[in-house]
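# Observations on chain architecture
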Amino acid sequence: MKLSKQELEAVIAASPRSFVPFNKLVLSPTYQARPENTAAPLPLTELAASIEAAGLLHNLIVVRGARGMHEVCAGGRRLRAMALLVEQGRWAENQPVPVLVVPAEQALMASLIENVEREALNPAEEFAAFARLIDGGRSVEDVAAAFGVTPQVVKRRLKLAAVSPALLTLFRAGGIGLDCLMVLAAIDDPTRQEQLWQQLPEWNRSADQLRRLLTRAEVESDRDGVAIFVTLPAYEAAGGPLRRDLFSDDGKAYLQDAALLERLALDKLQQPAREVASEGWKWVDVRARYVYEDYVRHGEVRRARRAPNADEAARHAQLEGELETLHARMEALSDDDGDENEYATLEADDERLQAELNALDESLAVIPADLMAQAGCVVYVGSRGTVEVKRGLVRPEDRDAVVQAARQATGGEPAAGTALVSLPKGGARAVHSEKLMRSLTAHRVAAIQAELLLRPDVALAALTAHLAGKLLKDGFHRYRGGDDALTVSASETHEGLRRESADMAEAEAWKLMEQTRIEWTARLPTDGAALLPWLLAQERPTVIGLLTFLVAASVTGVEGTERERQSTDVLAQALALDMRRWWKASAATYFNHVSKATTLAAVTEAAGANAAAPLAGLKKDGAVAGAEQALAATGWLPRCLRTPAQLPETGRARLDGEDSEAGTGGEPHGEETLKGAR
C-alpha cells in the first residue's frame, strides 16, 4: 500500500541530513523494504561512473547503528556502486557520503516510500536528455564517461532522440516497440520514417518486416557472400556508399551500390581465376555469383578414378586397416560401457583418419587432360564469402568434341566413353528464366486464392479431395502418436508469394487476400482455446466463409520451370480462372525479362505479324516499348498463365443455408475470348 505524501514529508522534516564516511556505512539487515538477496542483479558500472562524475545526487537513508556505524535502509544499489569505486581505487575509503538519518521506528517506512513512490524514467525522455546534454556543449565522450557507457551507446540514444516526434509519442504510449524504433532510426527523414511505419499492416508491425522494407535494395555486409569477400574496408576505399547500422554490435553496414560491389569482386577473383586456368581448362568464366540458369544448358565432365601409385596404394590399405581396428575397439567399448574418455579419444582419431582417407580418394579422382582441354570452369564467390570453383562444364558448342575425347579416353567404347560426360537433354532453351517463372506462377497462385474467396463450393470440394487423397490412397494406414485431435495439416502460402515477385504487394489479388486476412483476424478470438466454441456459436455462412479463406490461403503452386501441366490447373479450371483480370503484360512485369525474340513472338501471336514487323529492327528497349503499346488492349497472356480447357459441366452441390446466388463470383469475367488469351 502506498503511503501518503504527508507521512513522507513528516519523516523528512524530522530527520537531519549530514555526511558519513563511506567506511562507516553498512547495508541494513533489518530495515530494507527490498533485501539485498532479492534485488534485481542490475549492472553497477554505469551508476558508479555517474556518481564519480557528479557525486551522489540522492542521499542515502540510514539509521544509527552500534560503534559509530550507520545502517543503510534505502539506497543499497548506490552503496554497492560506491563500494565498486573504492575497490577500484577511484574513491577514498573515508569519502564523505550525504545521508538522511531517520529514527529506527520510521526506517522501514522510509525505505518503502522510496521504492514505492519512485517512477522510472521513460526511455524516450532519456534519449531527449542525452540530446540536450550534447546540444549544451558536452562531447559524446564526456557524456559516455559520466554515465559509464561507451560512446557508441550515447550515439545510439542520440539517434533515437532524432526519430519523428509522432513516433516517439507513440513509443511513450506503448504503440511501437523499441526494436522497431531502432530500425526506423536508421532513416534520417522523419517523414519517411512515418511512411514506412504506416506501410506495415497492423498484424505484422515487426522489426524484421520493417528491416526487409528498408533494406530491399541494399546488400548486408555480414550476410551477403560477395560483400564478405570484397570486405567493407575495400568497398569504402572504392567510394562505395553505405548505411551503417548504429545498433549493431559487430559493425554491420548496408551497401548501396551493388554494381560497384560486383566489379570489386570480379577484380579480386582475377588472380584465383588465373590459377585455375593454369590447370589446363579450355575456358574460365569469372562471376561474382554462380547463376544456375546461365549454365543450365551446359554439360559436365565427370571425374574418373586413376590407378594409385605404389605409395598411395600402400597408404590407402594402411588407413583402411587402422580404421577397421579402431571401429572394432569403439564397438567393444560401447558394448561394455567402457571408459568415456578413451571413447572420445578414439572418435577424434577416427575423424582424423577418415579425413585423410577421403582426401586420398579425392586425389585419385581426376578429369582426363583431353577432356579438360574441351571443358571449362566458373570461378565465383560462394555464399560464405569464399572463392568457389565449378569445374568441368561443357559448352553446348563443345559437346561433340568432349564426347569424342571421352570415347578415346576409354578405348573407343561409346557407352563407356559417354559415361565420362553428363549432357543435358536436347531441346530448345527455356523461354522464361526460373526467376520470371516463379514470379508469373506466384501471380497465378495469388489470383486462384482471390477467386476461391468467392467460391466456397470449390474450396470445400478442394479440401475434401485433398483429405481423400491423403487418407484413402494407401488404404487405411494412419499416423499415430500426435497430440492434435485431427491429423489435417496445412501451410500458409499467401505471405510467401511476396518473396517470389517484386510487385506482388501491388497486385489486386494479393491485396484482396490481405484485406480479408485482416478482417478475419479482427473477428476471431485471440485465445486459441476459445476458437472452437466461438465457431460453434456462429451461423453456418460465417464458418463456411472462414473455411473458404483458410483453404484459399493454403493454395500453392509456384513453379521454377515451364511445364505441360501445373499443380494448380485443376483449381484454375474449376474456378474458370481468367488471369486477364489479375495480371497484365508490361515492360516491368514481362518484356524486360525475356529475349527480344520472345517479345516479337508475343506481339505476333496477339496482334499479328504486321504489328511485330516494325519492332524487329529496333534495339531491345525500343522493341519492349513497342510491344507494351501493341499488346495493351489485347489481354495477351504467356502460356503459363493461361487456363487449360475447361472441365465438363457437372453442376455444383449447394451448401445448406447458402443463398441460391452465393458463391457465383467464379463465373468467367467477360464472355469474349481475346486472341492468344486461351
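In short, a report on the structure. Keep in mind that what you see is a predicted model, and the values were worked out from it rather than measured.

## Description of the overall build of the protein chain
Looking only at helices and strands, the protein chain has 29 helices and 15 strands in total. For the protein chain, the proportion of its 678 residues judged to be buried stands at 37%. When contacts within the protein chain are restricted to residue pairs at least 6 apart in sequence, those whose partners lie at least 24 apart make up 72%.

## Looking at unusual backbone geometry
The backbone of T231 sits at a positive phi, close to 80°, despite the residue not being glycine. Relative to the helices and strands, T231 resides in the loop between α12 (225-230) and α13 (232-237). Assessed through its relative accessible area of 31%, T231 is described here as partly exposed. The backbone of A576 shows a phi angle near 50°, a positive value even though the residue is not glycine. Locating A576 in the fold gives a position in the loop between α26 (569-574) and α27 (596-607).

## Looking at the side chain of D285
The residue D285 is located in strand β9 (residues 283-286) in this model. D285 gets classed as buried once you look at its relative accessible area, which sits at 17%. Within the local environment of D285, its side chain forms a polar contact with the side chain of R395, the two groups lying 3.5 Å apart. Residues within four places of D285 in sequence aside, it is in contact with Y295, C377, V378, V379 and R395.

## A short note on helix α10 (residues 190-199)
By the burial criterion, the buried members of α10 are Q193, L196 and W197. Taken end-on, α10 shows its buried residues confined to a sector of 100°, consistent with a single buried face. In the core, the buried residues of α10 are packed alongside α8 (165-172), α9 (178-184) and α11 (207-214). At the N-terminal end of α10, a side-chain oxygen is found 3.1 Å from the backbone nitrogen of T191, two or three residues along, and the residue is D189.

Procedures and definitions
- Residues numbered from 1 in each chain as written.
- Predicted model: local features only at pLDDT ≥ 70, side-chain atom pairs only at ≥ 80, totals over all residues.
- Heavy atoms only, no water.
- Helix = DSSP H or I, 4+ residues; strand = E, 2+ residues; numbered from the N terminus.
- Buried < 20%, exposed > 50% of the residue type's maximum accessible area, 1.4 Å probe, protein only.
- Contact = heavy atoms within 4.5 Å.
- Polar contact = N/O pair within 3.5 Å; in protein donor to acceptor, adjacent residues only side chain to side chain.
- Arc of directions from axis to C-beta.

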